[in-house]
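# Structure assessment
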Amino acid sequence: MVKYLGSPKLIALFLFFIHVSAALAAPPDVVVEGTQDIWYVGKHMSVLEDESGALTIEEVSRAEFAHRFIRSPVDLPKYGFSRSAYWVRFSYLKKDQSPERRWRLAVRDPNLEHVDVYFQRPGGSFDVRRAGVLVPWAEREIPHRDPVFHLPETNTEPLTVYIRVQTSSIVAIPAAILTSDRLIQENADRFIPWWIYVGILASMVLLNTILYFFLKDLAYLYYILYIIFFGAFIGLAFKAVGHTYFPEAGTWWARLWPAFGHLGCIFGALFARSFLHTHRTVPRLDRAVLVLVAVSSISAALAVFVPARVSQITLSVLALMYSPLMFIVPIAVWRRGFQPARFFLAGWSMLGVAGILVPFVNNGWVPNNIFTQHLMLTGSAVEMILFALALANRISEAKKENELARRQALEGEIHRLRNIELRQANEEILRKQDQLVQAEKMASLGKLTAGVAHEIKNPLNFINNFSLSLLEMMDELLQEVKSLPADKQAVLEMLTSDCRQSAQKIAEHGGRANEIVRGMLDHATARPGEWCRTNLNRLIEEHIELVHDGTWSQRSGFHVSVETLLDPGLSPVDVVPQELGRVLLNLLNNAFHAVGEQHKRAPNGYVPTIRVSTHGGDGHVEIRIKDNGTGIPAAARERIFEPFFTTKPPGEGVGLGLSLSYGIITKRHAGTLEFDSTEHKGTTFVITLPLLPSRAAPSGAGA
């Protein structure tokens, strides 16, 4: 009996039986049920580090290696740069037998070079599957940028899984069991931050490219190249998006993307030199920056030839050298008074903090979550936005410097003029003072106008009345003259006719003076009316009838077509009807006069037409009065609203109607009065009134 127990074969068989029994008795690490669509393996798996990288599946699956597997304390174990191979072991039991839910085992890190998965069969053999960067897509079980495998059925007994991971980049083992639908969804979700990052970078490149072509400043060119190369390093390489767009890249992609990082460092340093003017402000630090630029240039050139691990480690070392230098340089420049340096410092601080935290995340010293997963994307995007603000602030600072230089030059010129031409400058000052006094006198003239007009109006009334009486007496005198002898009648008739013509001229010019005084009173005297809710359409129709059927039909010998297009849904508006009526009368009279003049000049076939329309919307109402008359000459358009300016012949207008109308609409009713005119084709006046106007002072006041 002792002899049999001492047999090596029996001992091995006994140990294997104990190991299998223990394995069968132990509960599975992961139970895949239908309650959720993803199971994170991290904290349920055990990890063994193979420093030699030579262990095989037959060796690590033996019972004597069981104690070397250490349970992972985190969901996403990371081990930094390592030459070791890492073995993962866990067991699962798949209870979800739903045919529409297809389960996958995924190690969600596309940078891993070798990922070998061993599914242990019931008899002890292994089903081996391989994936990773160095495995062509045609040879992968599932063509996906991450190592993904079909999950075998387990029926009622747990299945043990071994995963071997070895890579020259950072070692991470984010293993999970998930459905194919969840895999597709997570893959799409992982691209959302990347596309946001690409959008920010693209907008920064476009904006600063335009500014570079306008300003020809090298700082913008360096900034653009920095965005392109460093953005490619962060977006394509650091976030492993390149493995999606270049699935067959293999090892050359692992050699190429560190070159993007080196080029980003080069142009970032050149941008700092150009933006901060380090060669002038901090020459010693500038030489240190140039040394790092030279080292980065050499590293970028060698990146595609040296092993990927060497290039990545070199990039990490250079980043550790760049980081403190790029903190010190802007602080030193800022202390010398260059304010835009604070934006550069803030931007670099964001990237620096992210860069400092990344190694801690990669080595598992900082928890891995949605925030730490996108540290570099967030830090880089904020940094580039702050750099763009720094460039904009530099433009502002340059404008201030130019303004200061111009002001200093102007002050110097003023000082020179004061010293050389003091007398001429004093005379100019006295002349300006006289102009100010004259302006004040002119400003007070409007206040005197009303008083003067009132004083003139009374004697003017007497002149007009006496001229009319004189005309009547001349008519009576002519009747008496006719009764005299013929020899005396001719001379007296001639004298009487001359006196009558003189009296008629007095009456005409008196009437003209009376119109001027009336216009002055209208323009200078405040006549506040009462505000009330008014139907504009009805008000317009009344004044059209007043002008067309009342005044104009008596004076003209031709027909004017008046077309109305009044908005039936126009809301009542708070206005002063008397004042708005004066405006409508002025504009309609001007329109009738314009088509009348055009009728005299136009050939046969001309139809004098006036169109009046209203429209409401967006808190305003609009009144349009359009004619096809003579139009306003281009030379007169700028002065059309000036008092006493008119384009009508003498005796037909005093030039106060449009000025008065402009004051009523803009000052009294808080609206606008605009016009559009084409000479010999017509004019359109547009009145815009708010539905709820702010009630202003009377329109005539101070006009």
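So, here is what we can say about the structure in this document. Treat the numbers as computed from the prediction; the structure is a model and nothing was measured. (Residues numbered from 1 in each chain as written. Predicted model: local features only at pLDDT ≥ 70, side-chain atom pairs only at ≥ 80, totals over all residues. Heavy atoms only, no water.)

## Topic: the overall build of the protein
For the protein, the count of helices and strands is 18 helices and 20 strands. A separation of at least 24 residues holds for 76% of the contacts in the protein among residues at least 6 apart in sequence. A total accessible area of about 38300 Å² is found for the protein, and carbon and sulfur atoms account for 61% of it. (Helix = DSSP H or I, 4+ residues; strand = E, 2+ residues; numbered from the N terminus. Contact = heavy atoms within 4.5 Å. Areas by Shrake-Rupley, 256 points an atom, 1.4 Å probe, with all protein chains shown as cover.)

## Thoughts on the packing of helix α9 (residues 283-302) against helix α10 (residues 308-335)
Their axes nearest at 11 Å, the elements α9 and α10 cross at an angle of 155°. The angle between α9 and α10 places the two elements in the roughly antiparallel class. For the element pair α9 and α10, the recorded crossing hand is left-handed. Across the interface between the two elements, L285, A288, V289, L292, V293, V295, S296 and S299 from α9 touch T314, L318, M321, Y322, L325, M326, I328, V329 and A332 from α10. Considering only residue class, the contact of α9 with α10 consists of 14 nonpolar, 3 polar and no charged. (Axes fitted to C-alpha atoms, helices over the stretch in contact; angles between N-to-C directions. Parallel < 35°, antiparallel > 145°, perpendicular 65-115°, else oblique. Left-handed = near helix turned anticlockwise from the far one by under 90°. Nonpolar A, V, L, I, M, F, W, Y, C, P; charged D, E, K, R; others polar.)

## Topic: the pairing of strand β11 (residues 159-166)
The element β11 is extensively covered by neighbouring structure, given that 6 of its 8 residues are classed as buried. Bridge count for strand β6 (residues 85-94) against β11 is 7 bridges, and the pairing is antiparallel. Bridge assignment links S91 to a residue of β11, and that residue is T160. Relative to β11, strand β8 (residues 114-120) runs antiparallel, the two sharing 6 bridges. The partner of D116 across the bridge, within β11, is R164. (Buried < 20%, exposed > 50% of the residue type's maximum accessible area, 1.4 Å probe, protein only. Pairing = 2+ DSSP bridges.)

## Description of the packing of helix α17 (residues 577-601) against helix α18 (residues 657-668)
In a pair of packed helices, the angle between the axes and the distance between the axes together describe the arrangement. Remark: α17 packs on α18, axes separated minimally by 9 Å, with the N-to-C direction vectors making an angle of 140°. In terms of their interaxial angle, α17 and α18 are classed as oblique. The hand of the α17/α18 crossing is left-handed. For the pair α17 and α18, contact is made by E579, L580, R582, V583, N586, L587 and N590 and by G657, L658, L660, S661, I664, I665 and R668, respectively. The class makeup of the residues in the contact of α17 with α18 is 7 nonpolar, 4 polar and 3 charged.

## Thoughts on the pattern of salt bridges
All chains considered together, the criterion is met by 15 salt bridges. Salt-bridge contacts for D29 lead to R71; the nearest nitrogen and oxygen are separated by 3.4 Å. Pair noted here: D29 is in the loop between α2 (8-25) and β1 (30-32) and R71 is in strand β4 (residues 70-71), with a separation of 42 residues, a long-range link. Here D29 falls in the partly exposed class, since its relative accessible area comes to 25%. (Salt bridge = Lys/Arg side-chain N within 4 Å of Asp/Glu carboxyl O.)

## Considering the sheet that holds strand β2 (residues 38-40)
Note: strands within a sheet are paired through backbone hydrogen bonds, in either parallel or antiparallel orientation. Read from one edge of the open sheet, 4 strands run β2-β13-β7-β10, paired in antiparallel fashion. Strands at the two margins of the open sheet, each flanked by one partner only, are β2 and β10 (148-150). Here the average twist between neighbouring strands, direction ignored, is 20°. On the sheet, helix α4 (residues 180-215) packs against β2, β7 (103-107), β10 and β13 (175-179) and is oriented at approximately 115° with respect to β13.

## Some words on the packing of aromatic side chains
Each aromatic ring pair is characterised by the separation of its centres together with the angle its planes make. Summed over all chains, the structure comprises 18 aromatic pairs. The interplanar angle of 40° and the centroid separation of 5.4 Å between the aromatic rings of Y223 and F271 together place this pair among those described as tilted. Of the two residues, Y223 is situated in helix α5 (residues 218-238) and F271 in helix α7 (residues 251-276); the sequence distance between them amounts to 48 residues. Accessibility expressed as a relative area gives 0% for F271, which makes it buried. Measuring from centroid to centroid gives 5.6 Å for F271 and F275, while their planes differ by 25°, and the two rings are stacked. One end of the pair, F271, and the other, F275, are both in helix α7, 4 residues apart, so they sit about a helical turn from each other. (Phe/Tyr/Trp six-rings, centres within 6.5 Å; stacked < 30°, edge-to-face > 60°.)

## Focus on the nonpolar core
Counting residues in hydrophobic clusters, the biggest one holds 53 residues, and the most contacted among them are Y223 and Y322. Elements represented by at least two residues in this core include exactly α4, α5, α7, α9, α10, α11 (341-362) and α13 (375-420). It is α7 that contributes the most residues to this core, 11 residues altogether. In contact with Y223, other than residues within four places in its own chain, are M204, N208, F271, M384, I385, F387, A388 and L391. V547, L584, L588 and I625 belong to the second largest nonpolar core, which has 33 residues in total. (Core = buried A, V, L, I, M, F, W, Y, C linked by side-chain atoms within 4.5 Å.)

## Structural notes on the sheet that holds strand β17 (residues 609-617)
Read across the open sheet, the 5 strands follow the order β15-β17-β18-β20-β19; overall the sheet is mixed. The open sheet has two edge strands with one neighbour each: β15 (561-565) and β19 (672-678). Taken pair by pair, the neighbouring strands of this sheet meet at an average axis angle of 15°, ignoring direction. With 8 bridges joining them, β17 and strand β18 (residues 620-627) adopt antiparallel strand pairing. In the sheet register, V612 faces β18, and the bridge partner there is I625. α17 rests against β15, β17, β18, β19 and β20 (682-690) of the sheet, and its axis sits at about 25° to β18. Packed on one face of the sheet, α18 meets β19 and β20 and runs near 135° to β19.

## Points about the environment of R164
Here R164 is to be found in strand β11. Given the relative accessible area of 11%, R164 is considered buried. In the structure, R164 is positioned 77 residues away from W87 in sequence and 4.6 Å away in space, judged by C-alpha atoms. Sequence-distant contacts of R164, that is, excluding residues within four places in its chain, are made with G53, L55, A85, Y86, W87, H114, V115, D116 and Y118. Of note is the side chain of R164, whose polar atom sits 3.0 Å from the backbone oxygen of G53. Within the structure, the side chain of R164 is placed 2.9 Å from the side chain of Q166, a separation counted as a polar contact. (Polar contact = N/O pair within 3.5 Å; in protein donor to acceptor, adjacent residues only side chain to side chain.)

## Some points on the environment of S180
Turning to its location among the elements, S180 is positioned in helix α4. Residue S180 is classed as buried on the basis of its relative accessible area of 9%. For the pair S180 and D37, spaced 143 residues apart in sequence, the C-alpha separation works out to 9.0 Å. Ignoring anything within four residues of it in the chain, the contact list for S180 reads R102 and R104.

## Focus on unusual backbone geometry
Here the phi dihedral of K216 falls at roughly 55°; this positive angle occurs in a residue that is not glycine. Structurally, the position occupied by K216 is in the loop between α4 and α5. Unlike most non-glycine residues, D618 shows phi in positive territory, near 60°. Following the sequence through the fold, D618 ends up in the loop between β17 and β18. The exposure class of D618 is exposed, given its relative accessible area of 77%.

## Concerning the side chain of R129
Here R129 lies in strand β9 (residues 126-131). A polar atom in the side chain of R129 sits 2.9 Å from the side chain of D127. A polar contact of 3.0 Å, which involves the side chain of R129, links it to the side chain of E141. The contact partners of R129, leaving out residues within four places of it in the chain, are V115, D116, V117, F119, E141, F149, H150 and P152.

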